[in-house]
Amino acid sequence: MESIIGDIVNNDLLFGKDKEQGIVGAYQLSDTQIRVFNRNGDSVTHHDDTFFPYFFLSDSSLLDGFVPEGDEKFWLVKLGGSNYYQYLAIFKSWRNYRGALDSLNNRRFGESADQGIQSPAIENSSHIYNKGDAVTQYFLQSGKTLFKGMIFDDLYRMQLDIETNYNPEKRDGASNGIGSDEIIIVSFCDNRGWEAVLHSKMGSERELLKAAVALIGEKDPDVIEGHNIFSFDLPYLQRRCEKYGIPFSIGRNNLPPKTYPSSIRFAERSIDYTFYDIPGRHVIDTLFLVQSYDISKRSMQSYGLKAVAKHFGFASPDRTYVDYKDIAALWENNHAKLLAYALDDVRETRALSSLLSASNFYLSQMLPYTYAMTARIGQAAKIEVLLVREYLRLKHSIPRPTAGQQHSGGYTEVFLKGILGPIVYADVESLYPSIMLSYDICPKSDELKVFPGVLNDLKELRFKAKDRSLKEKECGNKSLADNFDAMQSSFKIVINAMYGYLGFSGGIFNDFAEADRVTSTGQSIAKKMIVEFEARGCRVIEVDTDGILFIPPPEVIRETDERLLVSEVSALMPEGIKIGFDGRYRKMISYMKKNYALLSYENVMILKGSSLTSRSGEKFGRDFVRRGFEKLLSEDIEGLHNLFTEYRNKILNHELDVTEFTKTESLKSTVEQYAEDVKSGKRSKAITYEIAIKNGLRVTKGDRITYYISGTGAGSASYEKGKLSTEWKKEKPDENTHFYLKRLDEHCQKFLPFFKPQDFSMLFSDDTLFSFSAEGIELIRDIRHTESYNPGSDLAL
DNA sequence: ACGGGTAAGCT
DNA sequence: AGCTTACC
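What counts, and at which threshold
Residues numbered from 1 in each chain as written. Chains lettered and ligands numbered in written order. Predicted model: local features only at pLDDT ≥ 70, side-chain atom pairs only at ≥ 80, totals over all residues. Heavy atoms only, no water. UniProt positions renumbered as here; feature names shortened; annotations may be inferred. Helix = DSSP H or I, 4+ residues; strand = E, 2+ residues; numbered from the N terminus. Buried < 20%, exposed > 50% of the residue type's maximum accessible area, 1.4 Å probe, protein only. Contact = heavy atoms within 4.5 Å. Areas by Shrake-Rupley, 256 points an atom, 1.4 Å probe, with all protein chains shown as cover. Phe/Tyr/Trp six-rings, centres within 6.5 Å; stacked < 30°, edge-to-face > 60°. Lys NZ or Arg CZ within 6 Å of the ring centre and 35° of its normal. Near = heavy atom within 4 Å. Polar contact = N/O pair within 3.5 Å; in protein donor to acceptor, adjacent residues only side chain to side chain. Nonpolar A, V, L, I, M, F, W, Y, C, P; charged D, E, K, R; others polar. Lys, Arg positive; Asp, Glu negative; His and termini not counted. Salt bridge = Lys/Arg side-chain N within 4 Å of Asp/Glu carboxyl O. Expected span 1.5 Å × (residues − 1). Core = buried A, V, L, I, M, F, W, Y, C linked by side-chain atoms within 4.5 Å. Pairing = 2+ DSSP bridges. Axes fitted to C-alpha atoms, helices over the stretch in contact; angles between N-to-C directions. Parallel < 35°, antiparallel > 145°, perpendicular 65-115°, else oblique. Left-handed = near helix turned anticlockwise from the far one by under 90°.

- Chain A goes by DNA-directed DNA polymerase in an unreviewed UniProt entry, where it is assigned to Chlorobium ferrooxidans DSM 13031.
- Note on chain A: under the UniProt heading Sequence similarities (unreviewed entry), the record states "Belongs to the DNA polymerase type-B family."
- Quoted verbatim from the Catalytic activity (unreviewed entry) heading of the UniProt record, the comment on chain A is "DNA(n) + a 2'-deoxyribonucleoside 5'-triphosphate = DNA(n+1) + diphosphate".

Right under this line is the structure:
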């Protein structure tokens, strides 16, 4: 019987006398066949079209004499010089190791036929064993040459010794799975970006496109970057090329890109797109980089290039802005302006990539994935290949995922609510990774104990990189310091993902019990932290997983004393667990679990929590709540009333800008699917789809609709009054004032706990008969008792 | 192709 | 009750 892994082995990439030489070159015979060469000139024919994309151009002189002359299809891979590249090719050609594993496991053997594969015989790796019995299946060909002591130790540890000059404009790609030593990066944004690049070659569109394709060939970039490049630039250029019959040969050796549908997930959202696999090049979409960045930061309202550039502060003050609808006219009338605009797009994309691509760049040095692939895969995949790689190296079998679920998570509790201060914030440094290291967390199925080994190595690497970064900084070597900082942060990303991997149902090394052990240990540490801070006279306000907010005792006033207090408690924590001082604040409003406002000593407010900052609501509501909390913190009751009046009047007089009352929602299915589900009663009507239908929009999954509620009165269901934001006209505003006043009222409820009922209704009253006076209205600072009274809870006291 | 739990708001 | 958003 032929195993899937066996297939790979039969397509042995290593050939020649000593079978250790690897591939130095490849020559394309047909669409599905290549002939590969080793250093001695031995060659072998290889069939696998999926193999092609994983070859990268290298130094063509290596192949001199091996390849028929004058053949334009010639291209080259660089596998011979490095075990890493060898491994990369093997791994990649093994199209989907998960699929291969499933397949193997489907061919179970033994009495129950349900035992799966337990281990291959180390001494004879062409056999595998299950729990009870023996052997039956060909597994790996004698691994002598295949996985020869390479990756784990040599490669993934050696990275710090490589002086990678991380200059985004000229990166050293020698160890990056990217063939050439110097990486040329072309950034572009959209068709206008190309136009800018092609400034001197402008002519008809046909000539322009020809020149564009030729330019890529000439520049021969290893990496092509763009903002929304997968969903706009590449398909756009391709379509236009098709129209004129111009070959879209933007890959190495004039090869066209291969496209296939793909999807990428950012937390709960998933985006479908067409992946462009350009032979010999890596495509990086900076839009994905931004979204990935924002998962942890959650600070951006828009992922558009201009908004992002402003957010990061690299939007030049004299940047040219052009409205989309003016582009056609500018092309005719004001070329220079359009080109300036397009070039600014390119510059911003470049800046964006320099900022956000470093982590993937370094991860790709460590993982058996290419740079482009590293940017597309998830966290679990990154962890898993590290584990699998080591298992392959040691020729040990690979387990199957276990079924089950995780039962516990972080400990969260609020002890005090209201307006409080002064505040100290302390948190356990890297709580879960520290627990995993100190408590020997290891998945049960990980018989070789690779998991803790990887974790520990990553930790050491990170320290080393951090150290190096500091040293380089001291030497005034800023660019190198930044390189090592980027490197340490890419290690951190993997470290932090390791806990999540334990509880991941699809992970082949998952272990829910171990994941629970991590979180429950975290809970006891959090509780111990509470006890110790309270024992020192602190009043604990809120604890969430690894962080604690508390009011220090009255005698602790200066920051140095606060820090001392934290380090005192830190010393009492279990071995390997450290608490860090992470901030001090003048005041805070403790509102709910995971919902609070902090006021710094510079009087800057930080607002946290979905009920206070949710981006799903209208912007005016968010602004109102934010400014209202600022008034609460400064105890400005009259100001709060004035704020309410201000927004009330703005709504009534149609003085809000359209962007302030629109809402943006993304669609999860097509309009057709929606209509069907509504008809069959599977779902209820939704305003966004109704708007799409009404406007005849062609909608696909993931599309976003920005809309508002129009008309008057509250009578009928609001989905009939939904309108696209683009339908709104300043001259004839038709937003539904009744509806938005009601929304304002709902936001006012957030201030309810801070006032007596009669005071509250006076504060947020539209009564204009009597002028408002803050006199006699008293702010409730301790809002503990304003919550609904629950007699049951007395039993607990 | 795929990290986790906890918690609040909205429909 | 189920979905979305946010915190860690």
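Further notes follow.
### Considering the overall build of chain A
Here is step 1 of the chain: Within chain A, the regular secondary structure consists of 28 helices and 24 strands.
Here is step 2 of the chain: Scored against the burial criterion, the 797 residues of chain A give a buried share of 49%.
Here is step 3 of the chain: Of all intrachain contacts in chain A linking residues separated by at least 6 positions in sequence, the fraction that spans at least 24 positions is 64%.
Here is step 4 of the chain: By element, 50% of the accessible surface of chain A is carried by carbon and sulfur atoms, the whole surface being about 37400 Å².

### Remarks on the packing of aromatic side chains
For any pair of aromatic rings, the description consists of the separation of the ring centres together with the inter-plane angle of the planes.
Here is step 1 of the chain: In this structure the tally under the stated criterion is 23 aromatic pairs.
Here is step 2 of the chain: Taken together, a centroid distance of 6.5 Å and an interplanar angle of 15 degrees make the contact between Y591 and F754 stacked. In this pair, Y591 is assigned in strand β19 (residues 587-592) and F754 in the loop between α27 (737-748) and α28 (757-763), connecting sequence segments 163 residues apart. Both residues of the pair, Y591 and F754, belong to the buried class.
Here is step 3 of the chain: If you follow R584 out to its NZ or CZ, it ends over the ring of Y601, 4.6 Å from the centre.
Here is step 4 of the chain: The residue whose ring lies beneath K650 is Y647, and the NZ or CZ to ring-centre distance is 5.4 Å.

### Some details on the side chain of T688
Here is step 1 of the chain: Relative to the helices and strands, T688 resides in helix α26 (residues 687-694).
Here is step 2 of the chain: Owing to a relative accessible area of 4%, T688 belongs among the buried residues under this scheme.
Here is step 3 of the chain: Dropping the residues within four chain positions of it, T688 is found in contact with E665, L667, I705 and Y707.

### Some thoughts on the protein's contact with DNA strand C
Here is step 1 of the chain: Around DNA strand C sit 14 residues in total, of which D546, K594, Y596, S610 and R615 are the nearest.
Here is step 2 of the chain: Counting only the atoms of DNA strand C that lie within 4 Å of the protein, the sugar and phosphate share comes to 92%.
Here is step 3 of the chain: K594 has a polar side-chain atom sitting 2.9 Å from a base oxygen of DNA strand C.
Here is step 4 of the chain: Contact distances for DNA strand C include 3.3 Å between a phosphate oxygen and a backbone N or O atom of G609.
Here is step 5 of the chain: Its residues assigned to classes, the surface near DNA strand C shows one nonpolar, six polar and seven charged.

### Things to note about the side chain of E542
Here is step 1 of the chain: For E542, the position within the fold is in strand β16 (residues 539-544).
Here is step 2 of the chain: Although E542 is buried, it makes no salt bridge; K594 carries the closest opposite charge, 6.8 Å away.
Here is step 3 of the chain: Within polar-contact distance, the side chain of E542 engages the backbone nitrogen of K594 at 2.9 Å.

### Let's talk about the protein's contact with DNA strand B
Here is step 1 of the chain: Taken together, 21 residues form the shell around DNA strand B, and within it G378, G409, M592, K593 and K594 come nearest.
Here is step 2 of the chain: In the environment of DNA strand B, a phosphate oxygen lies 3.0 Å from a nitrogen or oxygen atom belonging to the side chain of K593.
Here is step 3 of the chain: The side chain of K663 places a nitrogen or oxygen atom 3.4 Å from a phosphate oxygen of DNA strand B.
Here is step 4 of the chain: Those elements that provide at least two residues to the surface near DNA strand B are α15 (379-393) and α21 (610-613).
Here is step 5 of the chain: Of all the elements, α15 adds the most residues to the surface near DNA strand B, at three residues.

### Considering helix α17 (residues 450-474)
Here is step 1 of the chain: Here α17 is 25 residues long and its end C-alpha atoms lie 36 Å apart, about the 36 Å a rise of 1.5 Å per residue gives.
Here is step 2 of the chain: Note on α17: the residue one or two positions beyond its end, G476, has a positive phi of about 75 degrees.

### As for the pattern of salt bridges
Here is step 1 of the chain: A complete count under the given rule lists 25 salt bridges for this structure.
Here is step 2 of the chain: Across the pair R319 and D345 runs a salt bridge, and its minimum N-O distance is 2.5 Å. You can see R319 sitting in the loop between α10 (305-312) and α11 (327-333) and its partner D345 sitting in helix α12 (residues 335-356), a full 26 residues away along the chain.
Here is step 3 of the chain: Here D345 falls in the buried class, since its relative accessible area comes to 1%.

### Brief notes about unusual backbone geometry
Here is step 1 of the chain: Each neighbour pair has its own omega, and for G421 with P422 the value is -10 degrees, a cis peptide bond.
Here is step 2 of the chain: Here P422 lies in the loop between β14 (418-420) and β15 (423-428).
Here is step 3 of the chain: Within the chain, N228 stands out as a residue other than glycine whose phi angle is a positive 65 degrees.
Here is step 4 of the chain: Tracing the sequence through the fold places N228 in the loop between β9 (223-226) and α8 (229-244).
Here is step 5 of the chain: Judged by its relative accessible area of 27%, N228 falls in the partly exposed class.
Here is step 6 of the chain: Of note, the phi angle at H654 is positive, near 55 degrees, even though the residue is not glycine.
Here is step 7 of the chain: Mapped onto the elements of the fold, H654 is located in the loop between α23 (637-652) and α24 (658-661).

### A few points about the nonpolar core
Here is step 1 of the chain: With 68 residues, the main nonpolar core has M436, F533, I548, F550 and I579 as its most contacted residues.
Here is step 2 of the chain: The biggest single contributor to this core is helix α18 (residues 478-502), with 12 residues.
Here is step 3 of the chain: Beyond its immediate stretch of four places on either side in the chain, I579 contacts A426, D427, V428, E429, M529, F533, V566, V569, S570 and M573.
Here is step 4 of the chain: In this structure, F629, A686, F754 and F760 belong to the second largest nonpolar core, which totals 52 residues.

### Quick notes on the environment of K258
Here is step 1 of the chain: Locating K258 in the fold gives a position in strand β10 (residues 258-266).
Here is step 2 of the chain: Assessed through its relative accessible area of 32%, K258 is described here as partly exposed.
Here is step 3 of the chain: Taking the C-alpha atoms as reference points, K258 and Y276, separated by 18 residues in sequence, lie 5.8 Å from one another.

### Quick word on the environment of H747
Here is step 1 of the chain: Locating H747 in the fold gives a position in helix α27.
Here is step 2 of the chain: Setting aside its immediate chain neighbours within four residues, H747 contacts E618, G621, F624 and V625.

### Regarding the sheet that holds strand β21 (residues 605-608)
Here is step 1 of the chain: If you walk across this open sheet you meet the four strands as β14-β19-β20-β21, and the pairing is antiparallel. Of all the strands in the sheet, the pair left with one neighbour each is β14 and β21. Each strand of the sheet is rotated relative to its neighbour by a mean of 15 degrees, with strand direction disregarded.
Here is step 2 of the chain: Looking at chain direction, β14 and β19 are connected through three bridges and run antiparallel. Each bridged residue has a counterpart across the sheet, and for G418 the counterpart in β19 is S590.

### Re the environment of F232
Here is step 1 of the chain: Checked against the element boundaries, F232 lands in helix α8.
Here is step 2 of the chain: Look at F232 and you get partly exposed, because its relative accessible area is 29%.
Here is step 3 of the chain: Measuring from C-alpha to C-alpha, the distance between F232 and K258 comes to 16 Å, with 26 residues separating the pair along the chain.

### So, the packing of helix α22 (residues 619-633) against α23
Here is step 1 of the chain: As a packed pair, α22 and α23 sit with axes 9 Å apart at the nearest point and diverge in direction by 165 degrees. Our classification of the angle between α22 and α23 gives roughly antiparallel. Note on packing geometry: the crossing formed by α22 with α23 is right-handed. The residues of α23 that touch α22, namely those facing F620, D623, F624, R627, G628, K631 and L632, are G639, L640, L643, F644, E646, Y647 and I651.

### A short note on the sheet that holds strand β22 (residues 663-666)
Here is step 1 of the chain: Reading across from one edge, β22-β23-β24 is the order of the three strands in this open sheet, with antiparallel pairing throughout. Looking at the sheet topology across the chains shown, the edges are occupied by β22 and β24 (722-724). Adjacent strand axes in the sheet meet at a mean angle of 45 degrees when their direction is disregarded.
Here is step 2 of the chain: As paired strands, β22 and strand β23 (residues 704-709) are joined by four bridges and run antiparallel to one another. Bridge pairing in β23 places S666 opposite R704.

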